[in-house]
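Here is how the chains run, residue by residue.
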Amino acid sequence: MLLCVYLILFSFSSSLPSSCKLRRKFHLNEIHKPGDVVLGGMFEVHFTSVFPERTFISEPEQPSCEGFDILGFRHAMTMAFAIDEINKNSNLLPNVTLGYSLYDNCGALVVGFSGSLSLASGREEQFLLEENCLGTPPVLGIVGDSASTYTIAISNVLGLYKMPIVSYFSTCSCLSDRKRFPSFFRTIPSDAFQVRAMIQILKHFGWSWVGLLVSDDDYGLHVARSFQSDLAQSGGGCLAYSEVLPWDSDPSELRRIVHLIKISTARVVMVFAHEFHMIHLMEEVALQNVTDRQWIASEAWTGSTVLHTPLLMPYLSGTLGIAIRRGEIPGLKDFLLQIHPGQYDKSYGNNMVTQYWEYTFQCKFVPAGWVEAGGELCTGQEDIEHVETEFLDLSNLRPEYNIYKAVYALAYALDDMLRCVPGRGPFSGHSCGTLQRLEPWQLVHYLQKVNFTTTFGDQVSFDENGDVLPIYDIMNWLWLPNGRTEVQNVGAVKESANGEELTIDEDKIFWNFESKQSPQSVCSESCPPGTRMARRKGEPECCFDCIPCSEGKISNKTDSMECTSCPEDFWSSPQGDHCVPKKIEFLSYQEPLGICLTTTSLLGTFICAVVLVIFIYHRNTPMVRANNSELSFLILASLKLCFLCSLLFIGRPRLWTCQLRHAAFGISFVLCVSCILVKTMVVLAVFKASKPGGGASLKWFGIVQQRGTVLVLTSIQAAICTAWLVSSSPVPYKNTKYHNDKIVYECVVGSTVGFAVLLGYIGLLAILSFLLAFLARNLPDNFNEAKLITFSMLIFCAVWVAFVPAYVNSPGKYADAVEVFAILASSFGLLVALFGPKCYIIVLRPERNTKKAIMGRGTTKS
């Protein structure tokens, strides 16, 4: 390419210092109109061209352009109309007439490049120069080209001379590089914004698994890189595949690509390509009958009508695409109706207007071989108004509107430059540009600052990269029953302070699916709350499995990457989507176990009360008065306290219940056992006193001494409890070690030593009582109570020995239940063993409740 440019530029040079001579001319399709300032234009008026093998030869040869593009010609005429309208506007460029030179690139890079150099070099074969080869250039600015590849080539060369180029259709984001393209501007958003707009559409519909097809040129390859990069950064989805459409429409390659589309699970296909790529691609799609695909069109083919055929529309109906902003250009239709071949000078190659006339009326001005073949001869009198042609359908002006804005941008920049006040200019020495010495780089300066509003109400200005304020319309293809295709506007996307702003009217969208609804296109279904995403090894990040959160962890949103742990007092719900308070577990009055223990405790208390009433009622009988009735009353009272203290172990633990339960239990049992111990000692002392010389022992076991002994023994336990509570008091504790999903409310003993001393002291008194009672077991039956005490202490010790291992190995509330059971069992054991036989005699065998009956057998034995 550089060698080609060098040769072309060399062909324009002249050895004469005072003049420049055009050594070769390109013979192209063109239209010219003179003016004080001339603007150039490059348009694709023909789809393809057949160019001679040698372009630069002594005898000029004309490239053969094929496939007249009626819309491309309308683009060129839109520029002509805009310049004509500006010339009629007395407020814009007064006393200055604009002219134009419009060229057809014939769908070929070499032709477009040749046309651009023709614009830059001019059409005069020789012209004089001022010194240092300075002079007003043939054109001051160029509108075009359409394809990004053509524009890149042109801008690379003409940018060296700061020639302003305003493109209406080149979207490659690479053209925003101000270092490479310092004089490039455009009135169409760049692909960078187009890509972001596409990603917004994907996000809106939840399409995270898409296929990407691009053309094999600068436009497509830059888009592919930009799309993959932006898609990854936005987290909007993944590409199922990315393929490049061949320029030569290789059938085998197209078959491979379409087969890939067919077998892929991605139901959304995005295509950044030109319409001729789409024609061959969709023909293969129809051949393989690839249905149930949502096509997303780039702006390059969203408005293409050549695809609206009965063969392709069953597959393309429902297509969503972004399109250039539609505008309205008042007066354009009248201008187009006035176009006639006689308007333009035919001295410069083929006239595009002539070709337009021949295409529209299917006739020829040059009849050589045409009339003989049955063709009609053009007269120039044909009436365009009676012909149904797409040329006059101005309901969807999109590229034309961009061309219109591009011409006005150059005009406003030139107007600002010519209004400059000498001495206040922006150039060296505060100078201004003049009509006689206009330089392209001067226009670039003003073009960068241009700011105006079109008659349609759109503001036009350029940022530091030469890009216009971006906005796109969102279009939807609808295949009507009559065979026609309607391309309807369903929304818009534009740049705002907060990024891309998307608005879509989903009710207007036609979906080409049986459900008539938006399709689902995902590699993996979204992970619901309660699960987390686990990426599949070796696959894109959109392909994952949904793993349920482990117990105690939750995810409360869709597609969570990880599960979060619940707070300490909370646990995960069964669904794993939110935290719920952990169940509180303690020995409750409402549960069956608590009810049974409470009932048993109250029953024991009631029995104690009944026995106490019986003893009080029969307090004067020998059975009650024998062996200190006062101690019997104390034992009954203490047993009642033992039964009642068990209720402190039931219910929600609180500080006062935790502190009181063990103290009450310890003191109550010590009171009971100490009374039994004193009673046993009294029995031994009485029988010892009955022997000769043993009367002195009774003085140590009088009423006062018995009360004092009970008081002292009980006070010791009270002191132990006080020390324990003061040093390390039992407190309520939320235990989560037993169950992950439960909080076990329990009372921790605080000091294990204190608790052990309390139990040990009770055990010491119980063992001592048992031993003394065991020694007195062979005393006379009717008088002896020692056997009952021995049996009761045996039960008591057995219960509490079994209690220790059961308590240690019982978790949570069951430890409290074991302790309550031990209290109740030992209390019932004492109550039944000590008072059962006596109540039996008092209530059922009153004849034995006499002194004679109690002492009789004892006297006989003695």
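Just above sits the structure.
Note that the coordinates shown come from a computational prediction; the quantities given were computed from them, not determined experimentally.

J.: Teacher, can you tell me more about the overall build of the chain here?
T.: Within the chain, the regular secondary structure consists of 22 helices and 31 strands. Looking at the chain as a whole, 51% of its 862 residues qualify as buried. Look at the contacts in the chain between residues 6 or more apart in sequence, and 68% of them connect residues 24 or more apart. Accessible area for the chain stands at about 40,300 Å²; split by element, carbon and sulfur atoms hold 57% of it.

J.: Where do I start with the packing of aromatic side chains in this structure?
T.: Ring pairs (aromatic) are described by centroid distance and by the angle formed between their planes. Here the structure, examined in full by the defined rule, presents 34 aromatic pairs. For the pair Phe-665 and Trp-800, a centre-to-centre distance of 5.2 Å together with 35° between the ring planes defines the contact as tilted. Placement of Phe-665 in helix H17 (residues 655-689) and of Trp-800 in helix H20 (residues 786-808) is noted, with a sequence separation of 135 residues between them. Overall, the relative accessible area of 12% leaves Trp-800 in the buried class. Through pairs of rings, three or more aromatic residues link up here, namely Phe-68, Phe-73, Tyr-356, Trp-357, Tyr-359, Phe-361 and Phe-391. A cation over an aromatic ring shows up here: Arg-178 above the ring of Phe-185, its NZ or CZ 4.8 Å from the ring centre.

J.: What am I meant to see in unusual backbone geometry here?
T.: When glycine is set aside, most residues are seen to have a negative phi, and most peptide bonds are trans. Of note, the bond from Gly-144 into Asp-145 is cis; its omega dihedral lies within 30 degrees of zero at 0°. Considering the arrangement of structural elements, one finds Asp-145 in the loop between strand S8 (141-143) and helix H4 (148-158). Phi at Gln-362 is positive, roughly 50°, even though this residue is not glycine. With respect to the helices and strands, the residue Gln-362 is situated in the loop between helix H11 (352-361) and strand S16 (363-364). A relative accessible area of 51% places Gln-362 in the exposed class. In this structure, Asp-559 is a non-glycine residue whose phi angle is positive, near 60°. With respect to the helices, strands and loops of the structure, Asp-559 is situated in the loop between strand S25 (553-554) and strand S26 (564-565).

J.: I tried to follow the nonpolar core on my own but got confused; where do I start?
T.: As a rule of thumb, soluble globular proteins bury nonpolar side chains together. Counting 70 residues, the largest nonpolar core has Phe-73, Met-77 and Leu-102 as its most contacted members. For this core, the elements supplying multiple residues, two or more each, are strand S3 (37-43), helix H2 (70-88), strand S6 (98-104), helix H10 (332-337), H11, helix H12 (399-418) and helix H13 (440-448). Broken down by element, the residue count for this core peaks at 12 residues, all from H12. Each residue touching Met-77, except ones within four places of it in the same chain, is listed here: Ile-31, Leu-102, Phe-335, Leu-336, Ile-339, Tyr-344 and Phe-391. In this structure, Cys-608, Val-624, Ala-664 and Ile-676 belong to the second largest nonpolar core, which totals 67 residues.

J.: Mind showing me how you'd approach the sheet that holds strand S31 (residues 742-748) here?
T.: Sheet strands pair via backbone hydrogen bonds, and the direction of the pair is either parallel or antiparallel. Taking strand neighbours across the sheet as the criterion, the 3 strands line up as S29-S31-S30 in an open arrangement whose pairing is mixed. Where the open sheet ends on each side, the last strands, each with one partner, are strand S29 (583-585) and strand S30 (731-735). Neighbouring strand axes in the sheet, compared pairwise and without regard to direction, differ in orientation by 30° on average. Bridge count for S29 against S31 is 3 bridges, and the pairing is parallel. Across the sheet, residue Ile-584 finds its bridge partner in S31, namely Ile-743.

Conventions and cut-offs
- Residues numbered from 1 in each chain as written.
- Predicted model: local features only at pLDDT ≥ 70, side-chain atom pairs only at ≥ 80, totals over all residues.
- Heavy atoms only, no water.
- Helix = DSSP H or I, 4+ residues; strand = E, 2+ residues; numbered from the N terminus.
- Buried < 20%, exposed > 50% of the residue type's maximum accessible area, 1.4 Å probe, protein only.
- Contact = heavy atoms within 4.5 Å.
- Areas by Shrake-Rupley, 256 points an atom, 1.4 Å probe, with all protein chains shown as cover.
- Phe/Tyr/Trp six-rings, centres within 6.5 Å; stacked < 30°, edge-to-face > 60°.
- Lys NZ or Arg CZ within 6 Å of the ring centre and 35° of its normal.
- Core = buried A, V, L, I, M, F, W, Y, C linked by side-chain atoms within 4.5 Å.
- Pairing = 2+ DSSP bridges.
- Axes fitted to C-alpha atoms, helices over the stretch in contact; angles between N-to-C directions.

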